[in-house]
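# Residue-level structural notes
Each chain, letter by letter, is given below.
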Amino acid sequence: MIRAMLLAIFLLGSIGSGMELLLLNHIESLLQWIPVVLILLSLCVFGWHGIRGNTASTRAIQWTMVAFIAAGLAGVYLHYQGSVEFKLESNPSLAGWQLFWQAIRSKTPPALAPGVMIQLGLIGLAYTYRHPALFTATEVESDQGE
């Protein structure tokens, strides 16, 4: 039941995030395409997993979720850097903590918005935690014998 809830949360979150990225025209550069492509990839991988449910599809989910986390971390960095550049253009005297707080609280680009990718990646990894498809028949037999 928990695994099904995690899957539903992941699917709703990714579809919603993907639609938001498209509505915000977050496809103007190659780097901006990364979260959109990862979301599409995840839907394909979860579809494959829904059909097969084997070890390979489960591992593919895990690797895709690691990519989500990496993209989220990179996105936070890139959004923050964009905010810093924008803040310095409008007020070159900003520096140190004042610059940091101005940039991190900026609405354009929202510095922490890519954190959603990290959250979705962690939800996807939680979905695969101790997934039955990851255990071979021998491991299952030995677990039952103990």
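See the structure shown above.
### Topic: the overall build of the protein chain
Looking only at helices and strands, the protein chain has six helices and zero strands in total. For the protein chain, the α and β elements follow one another from N to C terminus as α-α-α-α-α-α. Its C-alpha radius of gyration of 19 Å places the protein chain more than 25% over the 15 Å reference for a compact globule of 146 residues. The principal-axis extent of the C-alpha atoms belonging to the protein chain is close to 70 × 35 × 25 Å. Counting contacts in the protein chain only where the partners sit at least 6 residues apart, residues at least 24 apart contribute 65% of the total. Taken as a whole, the protein chain presents about 9400 Å² of accessible surface, with 68% of it coming from carbon and sulfur. Counting 7 positive and 8 negative side-chain charges, the protein chain places the averaged centre of each group 7 Å from the other.

### Brief notes about the environment of Leu41
Assignment of secondary structure puts Leu41 in helix α2 (residues 30-52). Distance in space between the C-alpha atoms of Leu41 and Glu20 is 17 Å, their sequence separation being 21 residues.

### Thoughts on unusual backbone geometry
For the peptide bond that leads from Thr108 to Pro109, omega is -15°, which places it in the cis range. By secondary structure assignment, the location of Pro109 is in the loop between α4 (96-104) and α5 (115-128). Phi is positive for Asn25, which is not a glycine, with a value near 60°. In this structure Asn25 comes out as partly exposed when scored by relative accessible area, which is 37%. We note that Arg130 has phi near 50°; this positive angle belongs to a residue other than glycine. With respect to the helices and strands, the residue Arg130 is situated in the loop between α5 and α6 (137-145).

### Details of the nonpolar core
Core analysis: the biggest nonpolar cluster contains 17 residues, and Phe10, Phe46, Ile61, Met65 and Phe68 have the highest contact counts within it. Among the secondary structure elements, those contributing two or more residues to this core are α1 (2-23), α2, α3 (55-90) and α5. With residues near it in sequence (within four places) discarded, Phe10 still touches Ser42, Phe46, Met65, Phe68, Leu120, Ile123 and Gly124. Of all hydrophobic cores here, the second largest spans six residues; its members include Tyr80, Val84, Leu94 and Leu99.

### Re the side chain of Ser42
Along the chain, Ser42 turns up in helix α2. Beyond its immediate sequence surroundings of up to four residues, Ser42 is in contact with Phe10, Thr64, Met65 and Phe68.

How each quantity is defined
Residues numbered from 1 in each chain as written. Predicted model: local features only at pLDDT ≥ 70, side-chain atom pairs only at ≥ 80, totals over all residues. Heavy atoms only, no water. Helix = DSSP H or I, 4+ residues; strand = E, 2+ residues; numbered from the N terminus. Rg over C-alpha atoms; globule rule 2.2 N^0.38 Å. Contact = heavy atoms within 4.5 Å. Areas by Shrake-Rupley, 256 points an atom, 1.4 Å probe, with all protein chains shown as cover. Lys, Arg positive; Asp, Glu negative; His and termini not counted. Charge placed at Lys NZ, Arg CZ, Asp CG, Glu CD. Buried < 20%, exposed > 50% of the residue type's maximum accessible area, 1.4 Å probe, protein only. Core = buried A, V, L, I, M, F, W, Y, C linked by side-chain atoms within 4.5 Å.

By themselves, these are just geometric observations and shouldn't be taken as functional.
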